[in-house]
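# Survey of secondary and tertiary structure
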Amino acid sequence: MAADAPGHGRAPWWHQPGVLARLVGDLVADELAHLRPGVGVEPPPWPADLLLDEPGLGLDSLERLSIASALNETLHLHESGVEDLLLVRRRFGEWVDLARLGLDHAGLRMTFRTSGSRGAPKPCTHALAALEQEVDVLADLLGGRRRVFSAVPAHHIYGFLFTVLLPARWPGMAVHDVRRMTPQALAARLAPGDLLVSHPAHWALVARHAGRLPPNVVGVSSTASCPDTVAMALSDLGLQRLVQVYGSSETAGIGWRDSTAEPYRLMPHWSRLASDDTALQRLLPGEDPVRQTLQDRLAWCGEDRFQVFGRHDEAVQVCGTNVFPERVRQVLLTHPQVQDAAVRRMTEAEGERLKAFVVPRGEADRAALPDALMRWVAQHLTAPERPRAFTVGERLPTGALGKLSDWPCGDTHAHGPQQPAGALGA
(Lines give C-alpha, C1' and ligand atoms only; values in the text may rest on other atoms or scores of the structure.)
Protein backbone atom coordinates (compact mmCIF):
# COMPACT_ATOMS: atom_id res chain seq x y z
CA MET A 1 0.00 0.00 0.00
CA ALA A 2 1.21 3.51 -0.79
CA ALA A 3 2.73 5.43 2.06
CA ASP A 4 1.47 8.77 3.32
CA ALA A 5 2.97 11.90 1.82
CA PRO A 6 6.72 11.53 2.29
CA GLY A 7 8.01 12.95 5.55
CA HIS A 8 4.89 14.89 6.46
CA GLY A 9 2.61 12.47 8.34
CA ARG A 10 -0.46 13.66 6.39
CA ALA A 11 -3.11 11.72 4.57
CA PRO A 12 -2.13 11.40 0.88
CA TRP A 13 -3.43 14.01 -1.53
CA TRP A 14 -6.06 11.71 -3.05
CA HIS A 15 -7.84 11.49 0.31
CA GLN A 16 -8.19 15.27 0.61
CA PRO A 17 -11.92 16.13 0.21
CA GLY A 18 -12.93 16.71 -3.41
CA VAL A 19 -9.38 16.82 -4.76
CA LEU A 20 -9.35 13.55 -6.72
CA ALA A 21 -12.77 14.26 -8.24
CA ARG A 22 -11.47 17.64 -9.44
CA LEU A 23 -8.40 16.10 -11.06
CA VAL A 24 -10.33 13.24 -12.69
CA GLY A 25 -13.00 15.66 -13.90
CA ASP A 26 -10.44 17.98 -15.49
CA LEU A 27 -8.71 15.06 -17.20
CA VAL A 28 -11.93 13.54 -18.56
CA ALA A 29 -13.17 16.93 -19.81
CA ASP A 30 -9.83 17.65 -21.52
CA GLU A 31 -9.70 14.25 -23.20
CA LEU A 32 -13.31 14.60 -24.31
CA ALA A 33 -12.58 18.01 -25.84
CA HIS A 34 -9.83 16.44 -27.96
CA LEU A 35 -12.06 13.54 -28.99
CA ARG A 36 -15.01 15.80 -29.86
CA PRO A 37 -13.58 19.13 -31.06
CA GLY A 38 -16.22 21.82 -31.23
CA VAL A 39 -18.84 19.77 -29.34
CA GLY A 40 -19.85 21.38 -26.07
CA VAL A 41 -19.99 19.31 -22.86
CA GLU A 42 -21.11 20.60 -19.48
CA PRO A 43 -17.82 21.29 -17.66
CA PRO A 44 -17.00 19.78 -14.25
CA PRO A 45 -17.57 19.64 -11.34
CA TRP A 46 -19.83 16.68 -12.00
CA PRO A 47 -22.05 14.73 -9.58
CA ALA A 48 -20.86 11.29 -8.54
CA ASP A 49 -23.90 9.64 -10.15
CA LEU A 50 -23.25 11.17 -13.60
CA LEU A 51 -23.42 8.40 -16.19
CA LEU A 52 -20.38 8.06 -18.42
CA ASP A 53 -22.53 6.86 -21.31
CA GLU A 54 -26.04 8.05 -22.29
CA PRO A 55 -27.74 10.14 -21.01
CA GLY A 56 -24.70 11.56 -19.19
CA LEU A 57 -21.40 12.22 -20.96
CA GLY A 58 -22.44 9.94 -23.79
CA LEU A 59 -19.13 8.12 -24.14
CA ASP A 60 -19.08 5.39 -26.75
CA SER A 61 -16.85 2.35 -26.32
CA LEU A 62 -13.83 3.85 -28.10
CA GLU A 63 -14.10 7.13 -26.21
CA ARG A 64 -14.35 5.29 -22.92
CA LEU A 65 -11.27 3.23 -23.77
CA SER A 66 -9.30 6.33 -24.80
CA ILE A 67 -10.18 8.32 -21.68
CA ALA A 68 -9.68 5.34 -19.36
CA SER A 69 -6.23 4.84 -20.90
CA ALA A 70 -5.33 8.50 -20.26
CA LEU A 71 -6.50 8.27 -16.63
CA ASN A 72 -4.56 5.05 -16.16
CA GLU A 73 -1.42 6.66 -17.59
CA THR A 74 -1.68 9.74 -15.35
CA LEU A 75 -2.32 7.90 -12.07
CA HIS A 76 -0.42 4.67 -12.84
CA LEU A 77 -3.48 2.58 -12.00
CA HIS A 78 -1.94 -0.39 -13.83
CA GLU A 79 0.55 -0.67 -10.97
CA SER A 80 -2.32 -1.66 -8.68
CA GLY A 81 -4.21 -3.82 -11.20
CA VAL A 82 -7.51 -1.89 -11.16
CA GLU A 83 -7.24 -0.25 -14.59
CA ASP A 84 -9.50 -2.73 -16.44
CA LEU A 85 -12.35 -1.97 -14.05
CA LEU A 86 -12.57 1.52 -15.58
CA LEU A 87 -14.20 -0.13 -18.60
CA VAL A 88 -16.84 -1.74 -16.36
CA ARG A 89 -17.83 1.13 -14.06
CA ARG A 90 -20.57 3.34 -15.53
CA ARG A 91 -20.63 6.44 -13.31
CA PHE A 92 -18.17 9.29 -12.77
CA GLY A 93 -18.07 8.76 -9.00
CA GLU A 94 -17.21 5.10 -9.54
CA TRP A 95 -14.19 6.15 -11.61
CA VAL A 96 -13.09 8.50 -8.82
CA ASP A 97 -13.48 5.72 -6.22
CA LEU A 98 -11.58 3.30 -8.45
CA ALA A 99 -8.78 5.82 -8.92
CA ARG A 100 -8.55 6.27 -5.15
CA LEU A 101 -8.36 2.51 -4.66
CA GLY A 102 -5.57 2.24 -7.22
CA LEU A 103 -3.63 5.09 -5.63
CA ASP A 104 -3.99 3.49 -2.19
CA HIS A 105 -2.07 0.49 -3.54
CA ALA A 106 0.50 2.45 -5.57
CA GLY A 107 0.44 6.26 -5.62
CA LEU A 108 4.20 6.70 -5.90
CA ARG A 109 4.40 8.16 -9.42
CA MET A 110 2.47 10.53 -11.68
CA THR A 111 2.65 11.02 -15.43
CA PHE A 112 1.82 14.32 -17.10
CA ARG A 113 1.73 15.09 -20.80
CA THR A 114 3.40 18.08 -22.41
CA SER A 115 1.07 20.67 -23.90
CA GLY A 116 2.13 19.94 -27.48
CA SER A 117 3.09 23.59 -28.01
CA ARG A 118 6.32 22.43 -29.72
CA GLY A 119 5.29 19.09 -31.18
CA ALA A 120 3.26 16.02 -30.34
CA PRO A 121 2.40 15.78 -26.60
CA LYS A 122 4.63 13.32 -24.77
CA PRO A 123 4.35 11.65 -21.35
CA CYS A 124 6.63 12.76 -18.50
CA THR A 125 6.75 10.63 -15.35
CA HIS A 126 7.66 12.02 -11.92
CA ALA A 127 8.10 10.42 -8.53
CA LEU A 128 5.57 11.82 -6.07
CA ALA A 129 8.45 12.30 -3.60
CA ALA A 130 10.14 14.66 -6.07
CA LEU A 131 6.96 16.70 -6.53
CA GLU A 132 6.44 16.88 -2.76
CA GLN A 133 10.03 18.11 -2.41
CA GLU A 134 9.27 20.99 -4.77
CA VAL A 135 6.04 21.85 -2.96
CA ASP A 136 8.01 22.15 0.30
CA VAL A 137 9.97 24.94 -1.40
CA LEU A 138 6.83 26.58 -2.80
CA ALA A 139 5.07 26.55 0.57
CA ASP A 140 8.00 28.39 2.16
CA LEU A 141 8.18 30.79 -0.77
CA LEU A 142 4.50 31.75 -0.68
CA GLY A 143 3.85 31.61 3.05
CA GLY A 144 0.48 30.68 4.51
CA ARG A 145 -2.46 31.57 2.28
CA ARG A 146 -6.18 31.77 3.05
CA ARG A 147 -7.68 30.26 -0.11
CA VAL A 148 -6.50 29.20 -3.58
CA PHE A 149 -8.21 30.44 -6.74
CA SER A 150 -7.19 28.49 -9.83
CA ALA A 151 -7.37 29.25 -13.54
CA VAL A 152 -5.46 26.08 -14.47
CA PRO A 153 -6.55 22.42 -14.74
CA ALA A 154 -5.53 20.04 -11.97
CA HIS A 155 -4.28 17.26 -14.26
CA HIS A 156 -1.48 19.35 -15.77
CA ILE A 157 1.74 19.39 -13.77
CA TYR A 158 1.49 23.11 -12.97
CA GLY A 159 -2.06 22.74 -11.73
CA PHE A 160 -1.22 19.56 -9.84
CA LEU A 161 1.63 21.21 -7.93
CA PHE A 162 -0.20 24.43 -7.06
CA THR A 163 -3.84 23.34 -6.71
CA VAL A 164 -3.47 19.76 -5.45
CA LEU A 165 -0.22 19.28 -3.52
CA LEU A 166 0.36 22.84 -2.30
CA PRO A 167 -3.07 23.39 -0.68
CA ALA A 168 -2.54 20.19 1.32
CA ARG A 169 0.21 22.09 3.16
CA TRP A 170 -2.42 24.40 4.64
CA PRO A 171 -5.11 22.44 6.56
CA GLY A 172 -8.67 23.11 5.40
CA MET A 173 -7.53 25.08 2.36
CA ALA A 174 -10.35 25.63 -0.17
CA VAL A 175 -9.58 25.63 -3.91
CA HIS A 176 -11.93 27.57 -6.21
CA ASP A 177 -12.04 27.15 -10.00
CA VAL A 178 -12.18 30.54 -11.76
CA ARG A 179 -11.86 29.40 -15.39
CA ARG A 180 -15.49 30.24 -16.06
CA MET A 181 -15.53 33.44 -14.03
CA THR A 182 -15.15 36.93 -15.50
CA PRO A 183 -12.21 39.00 -14.23
CA GLN A 184 -14.66 41.42 -12.60
CA ALA A 185 -16.43 38.60 -10.73
CA LEU A 186 -13.06 37.14 -9.73
CA ALA A 187 -11.91 40.45 -8.25
CA ALA A 188 -15.13 40.63 -6.24
CA ARG A 189 -14.51 37.13 -4.82
CA LEU A 190 -10.89 37.67 -3.83
CA ALA A 191 -10.01 38.64 -0.27
CA PRO A 192 -6.80 39.42 1.66
CA GLY A 193 -4.63 36.31 2.04
CA ASP A 194 -5.80 34.60 -1.18
CA LEU A 195 -3.53 32.99 -3.78
CA LEU A 196 -4.43 33.19 -7.47
CA VAL A 197 -2.78 30.53 -9.68
CA SER A 198 -2.96 31.41 -13.36
CA HIS A 199 -1.10 31.74 -16.65
CA PRO A 200 -0.04 34.78 -18.73
CA ALA A 201 -3.06 34.81 -21.07
CA HIS A 202 -5.46 34.83 -18.11
CA TRP A 203 -3.35 37.33 -16.17
CA ALA A 204 -3.61 39.67 -19.17
CA LEU A 205 -7.42 39.52 -18.93
CA VAL A 206 -7.29 40.16 -15.19
CA ALA A 207 -4.98 43.14 -15.73
CA ARG A 208 -7.31 44.59 -18.35
CA HIS A 209 -10.72 44.01 -16.80
CA ALA A 210 -10.59 43.12 -13.09
CA GLY A 211 -10.28 46.57 -11.56
CA ARG A 212 -8.88 47.13 -8.08
CA LEU A 213 -7.74 44.00 -6.23
CA PRO A 214 -7.90 43.49 -2.45
CA PRO A 215 -4.68 43.92 -0.45
CA ASN A 216 -2.44 40.95 0.36
CA VAL A 217 -3.41 38.89 -2.69
CA VAL A 218 -0.49 36.92 -4.16
CA GLY A 219 -0.37 35.55 -7.69
CA VAL A 220 1.56 32.76 -9.39
CA SER A 221 2.22 32.59 -13.12
CA SER A 222 3.83 29.87 -15.19
CA THR A 223 3.72 28.04 -18.57
CA ALA A 224 5.36 31.06 -20.29
CA SER A 225 7.03 34.34 -19.40
CA CYS A 226 4.57 36.95 -18.14
CA PRO A 227 5.03 40.22 -20.10
CA ASP A 228 6.37 43.20 -18.14
CA THR A 229 3.38 45.30 -19.11
CA VAL A 230 0.97 42.74 -17.63
CA ALA A 231 2.97 42.35 -14.43
CA MET A 232 3.18 46.12 -13.95
CA ALA A 233 -0.54 46.55 -14.62
CA LEU A 234 -1.34 43.89 -12.01
CA SER A 235 0.89 45.67 -9.50
CA ASP A 236 -0.94 48.92 -10.22
CA LEU A 237 -4.24 47.13 -9.50
CA GLY A 238 -2.95 46.15 -6.06
CA LEU A 239 -1.59 42.62 -6.57
CA GLN A 240 0.91 42.29 -3.74
CA ARG A 241 3.24 39.88 -5.51
CA LEU A 242 3.41 37.90 -8.75
CA VAL A 243 5.69 34.87 -8.43
CA GLN A 244 6.77 33.63 -11.85
CA VAL A 245 7.83 29.97 -11.97
CA TYR A 246 10.05 28.50 -14.67
CA GLY A 247 9.82 24.81 -15.46
CA SER A 248 8.23 22.28 -17.78
CA SER A 249 6.32 19.03 -17.82
CA GLU A 250 9.65 17.25 -18.20
CA THR A 251 11.37 18.89 -15.22
CA ALA A 252 8.60 20.30 -12.98
CA GLY A 253 9.68 23.60 -11.39
CA ILE A 254 13.29 24.73 -11.77
CA GLY A 255 13.35 28.36 -10.67
CA TRP A 256 11.28 31.38 -9.68
CA ARG A 257 11.39 35.17 -9.72
CA ASP A 258 9.25 38.12 -8.62
CA SER A 259 9.85 40.25 -11.71
CA THR A 260 10.81 39.80 -15.35
CA ALA A 261 13.58 42.34 -14.67
CA GLU A 262 15.20 39.82 -12.32
CA PRO A 263 16.92 36.52 -13.13
CA TYR A 264 15.29 33.32 -11.97
CA ARG A 265 16.49 31.78 -8.70
CA LEU A 266 17.32 28.10 -8.90
CA MET A 267 15.27 25.97 -6.54
CA PRO A 268 17.47 24.33 -3.88
CA HIS A 269 16.99 20.76 -5.13
CA TRP A 270 18.62 21.68 -8.45
CA SER A 271 22.31 22.40 -9.06
CA ARG A 272 24.46 23.38 -12.04
CA LEU A 273 26.69 20.94 -13.85
CA ALA A 274 30.06 22.64 -14.28
CA SER A 275 30.90 20.72 -17.44
CA ASP A 276 27.48 20.76 -19.14
CA ASP A 277 25.32 23.81 -19.91
CA THR A 278 22.57 21.69 -21.47
CA ALA A 279 21.49 19.99 -18.24
CA LEU A 280 20.99 20.37 -14.49
CA GLN A 281 21.39 17.94 -11.62
CA ARG A 282 18.33 17.01 -9.54
CA LEU A 283 18.92 16.17 -5.88
CA LEU A 284 16.56 13.81 -4.05
CA PRO A 285 16.95 12.82 -0.39
CA GLY A 286 18.56 9.40 -0.04
CA GLU A 287 19.11 8.94 -3.77
CA ASP A 288 21.90 9.52 -6.24
CA PRO A 289 21.73 12.84 -8.15
CA VAL A 290 19.91 12.66 -11.50
CA ARG A 291 20.98 14.50 -14.65
CA GLN A 292 18.09 16.31 -16.35
CA THR A 293 18.44 17.61 -19.91
CA LEU A 294 17.10 21.14 -20.41
CA GLN A 295 14.88 22.23 -23.27
CA ASP A 296 16.08 25.85 -23.07
CA ARG A 297 19.39 27.69 -23.13
CA LEU A 298 20.17 29.27 -19.76
CA ALA A 299 22.56 32.18 -19.14
CA TRP A 300 23.94 32.06 -15.60
CA CYS A 301 24.41 35.01 -13.28
CA GLY A 302 26.25 33.19 -10.51
CA GLU A 303 25.66 29.69 -9.18
CA ASP A 304 21.91 29.95 -8.58
CA ARG A 305 20.62 32.79 -10.82
CA PHE A 306 19.80 32.44 -14.52
CA GLN A 307 18.01 33.93 -17.50
CA VAL A 308 16.22 31.90 -20.18
CA PHE A 309 17.25 32.44 -23.81
CA GLY A 310 15.14 30.18 -26.00
CA ARG A 311 15.31 26.53 -26.98
CA HIS A 312 18.55 24.64 -27.60
CA ASP A 313 17.54 23.36 -31.03
CA GLU A 314 14.13 23.87 -32.57
CA ALA A 315 14.97 22.08 -35.80
CA VAL A 316 12.59 19.46 -37.20
CA GLN A 317 13.24 16.99 -39.99
CA VAL A 318 11.39 17.63 -43.25
CA CYS A 319 12.21 15.34 -46.17
CA GLY A 320 15.57 14.55 -44.60
CA THR A 321 16.48 18.22 -44.05
CA ASN A 322 16.68 20.14 -40.77
CA VAL A 323 14.34 23.13 -40.89
CA PHE A 324 13.50 25.66 -38.20
CA PRO A 325 9.78 26.44 -37.76
CA GLU A 326 10.57 29.71 -35.97
CA ARG A 327 12.51 30.98 -38.98
CA VAL A 328 9.56 30.08 -41.22
CA ARG A 329 7.24 31.92 -38.84
CA GLN A 330 9.41 35.04 -39.02
CA VAL A 331 9.22 34.98 -42.82
CA LEU A 332 5.42 34.67 -42.70
CA LEU A 333 5.25 37.65 -40.34
CA THR A 334 6.90 39.82 -42.99
CA HIS A 335 3.88 39.32 -45.27
CA PRO A 336 1.81 42.52 -45.12
CA GLN A 337 -1.46 40.66 -44.53
CA VAL A 338 -0.23 38.46 -41.65
CA GLN A 339 -0.57 39.68 -38.06
CA ASP A 340 0.57 36.50 -36.29
CA ALA A 341 1.48 32.94 -37.19
CA ALA A 342 2.41 29.53 -35.82
CA VAL A 343 4.37 26.88 -37.71
CA ARG A 344 4.98 23.22 -36.92
CA ARG A 345 5.52 19.88 -38.57
CA MET A 346 2.42 18.00 -39.66
CA THR A 347 1.34 14.98 -37.67
CA GLU A 348 2.17 11.58 -39.12
CA ALA A 349 -1.41 11.23 -40.36
CA GLU A 350 -1.32 14.65 -42.06
CA GLY A 351 1.93 14.33 -43.98
CA GLU A 352 5.66 14.98 -43.78
CA ARG A 353 5.84 18.74 -44.36
CA LEU A 354 5.27 21.92 -42.34
CA LYS A 355 1.88 23.48 -41.75
CA ALA A 356 1.03 27.03 -40.68
CA PHE A 357 -1.78 28.74 -38.79
CA VAL A 358 -2.03 32.45 -39.63
CA VAL A 359 -3.95 35.32 -38.07
CA PRO A 360 -4.72 37.88 -40.81
CA ARG A 361 -4.65 41.62 -40.48
CA GLY A 362 -8.04 43.28 -40.52
CA GLU A 363 -8.01 44.24 -44.19
CA ALA A 364 -6.80 40.86 -45.47
CA ASP A 365 -8.88 38.80 -47.90
CA ARG A 366 -9.14 35.57 -45.90
CA ALA A 367 -10.34 33.45 -48.80
CA ALA A 368 -7.40 34.50 -50.98
CA LEU A 369 -4.75 34.55 -48.24
CA PRO A 370 -3.68 30.85 -48.37
CA ASP A 371 -2.92 31.05 -52.11
CA ALA A 372 -1.09 34.33 -51.60
CA LEU A 373 1.00 32.78 -48.86
CA MET A 374 1.84 29.77 -51.02
CA ARG A 375 3.28 32.17 -53.61
CA TRP A 376 5.05 34.16 -50.89
CA VAL A 377 6.83 31.19 -49.35
CA ALA A 378 7.85 29.91 -52.80
CA GLN A 379 9.80 33.15 -53.24
CA HIS A 380 11.26 33.42 -49.73
CA LEU A 381 11.84 29.87 -48.43
CA THR A 382 13.58 26.71 -49.58
CA ALA A 383 11.40 23.79 -50.64
CA PRO A 384 11.63 21.87 -47.32
CA GLU A 385 10.83 25.07 -45.35
CA ARG A 386 7.61 25.86 -47.24
CA PRO A 387 4.38 25.05 -45.35
CA ARG A 388 2.08 22.89 -47.47
CA ALA A 389 -1.08 23.59 -45.49
CA PHE A 390 -2.44 26.89 -44.19
CA THR A 391 -5.25 27.50 -41.72
CA VAL A 392 -6.59 31.03 -41.24
CA GLY A 393 -8.23 32.06 -37.96
CA GLU A 394 -8.96 35.00 -35.68
CA ARG A 395 -6.30 33.97 -33.13
CA LEU A 396 -3.75 31.25 -32.62
CA PRO A 397 -5.09 27.98 -31.15
CA THR A 398 -4.25 27.55 -27.48
CA GLY A 399 -4.93 24.97 -24.80
CA ALA A 400 -6.21 25.20 -21.24
CA LEU A 401 -3.02 26.86 -19.99
CA GLY A 402 -2.90 29.48 -22.73
CA LYS A 403 -0.05 27.72 -24.54
CA LEU A 404 0.00 27.16 -28.28
CA SER A 405 -1.74 23.91 -29.24
CA ASP A 406 -1.87 21.81 -32.37
CA TRP A 407 -4.52 22.19 -35.06
CA PRO A 408 -5.72 19.85 -37.82
CA CYS A 409 -4.76 20.87 -41.34
CA GLY A 410 -7.52 23.10 -42.65
CA ASP A 411 -9.33 23.10 -39.27
CA THR A 412 -11.98 25.84 -39.24
CA HIS A 413 -12.99 25.68 -35.58
CA ALA A 414 -9.87 26.26 -33.49
CA HIS A 415 -10.89 29.68 -32.16
CA GLY A 416 -13.95 31.51 -33.40
CA PRO A 417 -15.02 31.99 -37.02
CA GLN A 418 -12.23 31.01 -39.41
CA GLN A 419 -11.75 30.72 -43.12
CA PRO A 420 -11.15 27.13 -44.24
CA ALA A 421 -7.88 26.88 -46.13
CA GLY A 422 -7.42 23.14 -46.57
CA ALA A 423 -4.20 21.36 -47.39
CA LEU A 424 -2.63 23.07 -50.36
CA GLY A 425 -0.27 20.84 -52.28
CA ALA A 426 1.44 17.61 -51.39
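Residues numbered from 1 in each chain as written. Predicted model: local features only at pLDDT ≥ 70, side-chain atom pairs only at ≥ 80, totals over all residues. Heavy atoms only, no water.

## Details of unusual backbone geometry
- A cis amide bond, omega 15°, links Pro 44 with the succeeding residue Pro 45.
- Note on placement: Pro 45 falls in the loop between helix 1 (19-35) and helix 2 (61-75).
- Omega for the bond connecting Glu 54 with Pro 55 falls within 30 degrees of zero, at 5°, which places this linkage in the cis form.
- Phi angles above zero are rare outside glycine, and Ala 252 is one such case at about 65°.
- Along the chain, the position of Ala 252 falls in strand 8 (residues 252-257). (Helix = DSSP H or I, 4+ residues; strand = E, 2+ residues; numbered from the N terminus.)

## What to know about the sheet that holds strand 18 (residues 354-360)
- If you trace the three strands from one edge of the open sheet to the other, you get 17-18-19, paired in mixed fashion. The sheet terminates laterally at strand 17 (338-345) and strand 19 (390-392), the two strands that pair on one side only. Ignoring strand direction, the axes of neighbouring strands in this sheet form an average angle of 20°.
- Judged from the seven bridges that link them, strand 17 and strand 18 form a sheet pairing that is antiparallel. When the sheet's bridge partners are listed, Val 343 is paired in strand 18 with Ala 356.
- Packing against the sheet, helix 9 (residues 325-333) makes contact with strand 17, strand 18 and strand 19, and its axis sits at approximately 155° to strand 17. (Pairing = 2+ DSSP bridges. Axes fitted to C-alpha atoms, helices over the stretch in contact; angles between N-to-C directions. Contact = heavy atoms within 4.5 Å.)

## Considering the packing of aromatic side chains
- According to the stated counting rule, one finds 10 aromatic pairs in the structure shown.
- Taking the centre distance of 5.3 Å and the plane angle of 90° together, the rings of Trp 46 and Phe 92 count as edge-to-face. One end of the pair, Trp 46, is in the loop between helix 1 and helix 2; the other, Phe 92, is in helix 3 (residues 92-104), and 46 residues separate them in sequence.
- Arranged with centres 5.5 Å apart and planes meeting at 45°, the rings of Tyr 246 and Tyr 264 form a pair that is tilted. Residue Tyr 246 is located in strand 7 (residues 241-248), and its partner Tyr 264 is located in strand 9 (residues 264-266); the two are separated by 18 residues in the primary sequence.
- What makes Tyr 246 buried here is its relative accessible area of 11%.
- Look at Tyr 264 and you get buried, because its relative accessible area is 6%.
- An aromatic cluster is defined as three or more aromatic residues linked by ring pairs; in this entry it consists of Trp 13, Trp 14, Phe 112 and Phe 160.
- Against the face of Trp 407 rests Lys 355, its NZ or CZ located 5.1 Å from the ring centre. (Phe/Tyr/Trp six-rings, centres within 6.5 Å; stacked < 30°, edge-to-face > 60°. Buried < 20%, exposed > 50% of the residue type's maximum accessible area, 1.4 Å probe, protein only. Lys NZ or Arg CZ within 6 Å of the ring centre and 35° of its normal.)

## Details of the environment of Pro 289
- As for its placement among the helices and strands, Pro 289 is situated in the loop between strand 11 (276-282) and strand 12 (290-293).
- When its relative accessible area of 44% is taken as the criterion, Pro 289 is described as partly exposed.
- As a C-alpha pair, Pro 289 and Ser 271 span 18 residues in sequence and 9.6 Å in three-dimensional space.
- Not counting residues up to four positions away in its chain, the partners in contact with Pro 289 are Gln 281, Arg 282 and Leu 283.

## Let's talk about the pattern of salt bridges
- Tallied over the full model, the rule gives 25 salt bridges.
- As a salt-bridge pair, Arg 395 and Glu 394 come within 3.7 Å of each other at their nearest N and O atoms.
- In this structure Glu 394 comes out as partly exposed when scored by relative accessible area, which is 36%.
- Among the charged side chains, a salt-bridge network with shared partners connects Asp 26, Asp 177, Arg 179 and Arg 180. (Salt bridge = Lys/Arg side-chain N within 4 Å of Asp/Glu carboxyl O.)

## Looking at the sheet that holds strand 12
- Taking strand neighbours across the sheet as the criterion, the three strands line up as 10-11-12 in an open arrangement whose pairing is antiparallel. Sheet topology places strand 10 (270-273) and strand 12 at the edges, where each strand pairs with a single neighbour. Mean inter-strand twist for the sheet, computed between neighbouring axes without regard to direction, equals 40°.
- Here strand 10 runs beside strand 11; their pairing, made up of four bridges, is antiparallel. When the sheet's bridge partners are listed, Ser 271 is paired in strand 11 with Gln 281.

Distances and angles like these do not, on their own, reveal function.
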